[in-house]
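Structure assessment
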Amino acid sequence: MMDGSNGDDTASEMEFPDPDPPLLIDDGRLAIADGWEETEFEQGEYGPDQQSGVSARFESDSDTIEVIPIEFDRMGNTETFEALTADMGVRQSSPEIDDKPNVGPRTAFAVHLRYDTFSSWDSEYYTITSDGEDALAVACWLTNAEVVGGTGELYDIVEIHNGETPDYDPRPDEDRLEGVFADKPGRCLLSGSPTQSHEVAIPFRYAPLFDGYPTTYQDVPAIPTTVGSFRAVVSHTAWTENELAEDVFQSRLERTAAGEYGLDEDVIEVVSGFSAEDVALNQLEDE
């Protein structure tokens, strides 16, 4: 882009500063970005199995991001998403689905987007999570991922997520995650020593804290099409010394204000800086 000419009539190229990436976990909290509003929020139990979770909606001037409790079913080459709190759903079939394990039917949580594509509107199920608060975290991250100076915001982010518009990496999010994590965790979260003593599940909402977790534009974590949890291990010595329990990493989010949600500070302290290569990442079908 040219912004004019100098005294010698030589055009000079305008340089734009790179935008600072958002703090996706800022002072122990998740928060939606300026320009977005939390217009719905409910914590409850959903589905026939009464699974604890979240239903929420965030809106900007042009776009909507929702966390929707759903019944998710994958059989053969077909996936079905049926909302539990709204009259909406989708059924899709493809050869790629046939390569994935069967799942459900089970309660899950969809991150659903409705966004402006310049000349029309489009919508997408961005990811499906086993934990509603993990879906809420993804929704918060996406509000912080707007393309600075652009008018396509969510449209561009969806294109990058699906590998249809490359950023620094031309692959879709699903492929960026391949080979990053351990097949089986083997290093203690607290001491760093090799161990197989106590396996723990860590919610996906802590993903930005792992060192080396793959990111896309604006440092948003790469998001698989379905999300389970991280699996890590703690040595018996660390487990005993810290008086840990099986559910220590499963504390729930606290809604501190509209559009702001607090994470567990103890979990943040343990997870921060731990290598993504030393944890395993389950998808929905692994849970």
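The following refers to the structure shown. (Residues numbered from 1 in each chain as written. Predicted model: local features only at pLDDT ≥ 70, side-chain atom pairs only at ≥ 80, totals over all residues. Heavy atoms only, no water.)

Thoughts on the nonpolar core
Counting 64 residues, the largest nonpolar core has W141, I202, F204 and F230 as its most contacted members. Looking at which element gives the most residues to this core, the answer is helix α2 (residues 132–143), with eight residues. Dropping the residues within four chain positions of it, F204 is found in contact with D134, V138, W141, Y213, A222, I223, P224, V227, G228, F230 and L281. Residues F72, F81, V103 and A108 belong to the second largest nonpolar core, which totals 11 residues. (Core = buried A, V, L, I, M, F, W, Y, C linked by side-chain atoms within 4.5 Å. Buried < 20%, exposed > 50% of the residue type's maximum accessible area, 1.4 Å probe, protein only. Helix = DSSP H or I, 4+ residues; strand = E, 2+ residues; numbered from the N terminus. Contact = heavy atoms within 4.5 Å.)

Side note on the sheet that holds strand β11 (residues 198–203)
One open sheet accounts for three strands, arranged β11-β13-β16; its pairing is antiparallel. Looking at the sheet topology across the chains shown, the edges are occupied by β11 and β16 (280–281). Inspection of the sheet shows strand β13 (residues 229–234) paired to β16 by two bridges, in the antiparallel sense. Counted as the bridge partner of F230 is L281 from β16. (Pairing = 2+ DSSP bridges.)

A few points about the pattern of salt bridges
In this structure the tally under the stated criterion is 15 salt bridges. Its salt-bridge partner being E40, residue R57 comes within 3.6 Å of it at the nearest N-O pair. Remark: E40 occurs in strand β4 (residues 37–46) and R57 occurs in strand β5 (residues 51–59); sequence separation between them is 17 residues. A salt bridge links D134 to R205, with the nearest nitrogen and oxygen atoms 2.9 Å apart. Here the residue D134 occupies a position in helix α2, and R205 occupies one in the loop between β11 and β12 (226–227), the gap between them amounting to 71 residues. Judged by relative accessible area, D134 falls into the buried class, the value being 1%. (Salt bridge = Lys/Arg side-chain N within 4 Å of Asp/Glu carboxyl O.)

Overview of helix α3 (residues 153–161)
Counting buried positions along α3 yields seven of nine residues, so the element is predominantly enclosed. In this fold, the buried residues of α3 make contact with β6 (64–75), β9 (103–116), β10 (121–129), α2 and α4 (173–176). Among the residues trailing α3, G163 stands out with phi positive, at a value near 75 degrees.

Some remarks on the pairing of β13
For β13, the tally of buried residues reaches five of six residues, placing the bulk of the element in the interior. Of the pairings in the sheet, the one linking β11 to β13 comprises six bridges and is antiparallel in character. By the bridge assignment, A201 is partnered in β13 with R231.

Some words on the side chain of D63
Considering the arrangement of structural elements, one finds D63 in the loop between β5 and β6. Although D63 lies buried, it forms no salt bridge, and the closest oppositely charged side chain, R114, sits 7.8 Å away as judged by the N-O distance. Among the polar contacts made by the side chain of D63, one reaches the main-chain amide nitrogen of D116 at a distance of 3.0 Å. (Lys, Arg positive; Asp, Glu negative; His and termini not counted. Polar contact = N/O pair within 3.5 Å; in protein donor to acceptor, adjacent residues only side chain to side chain.)

The analysis is restricted to geometry; functional conclusions fall outside its scope.
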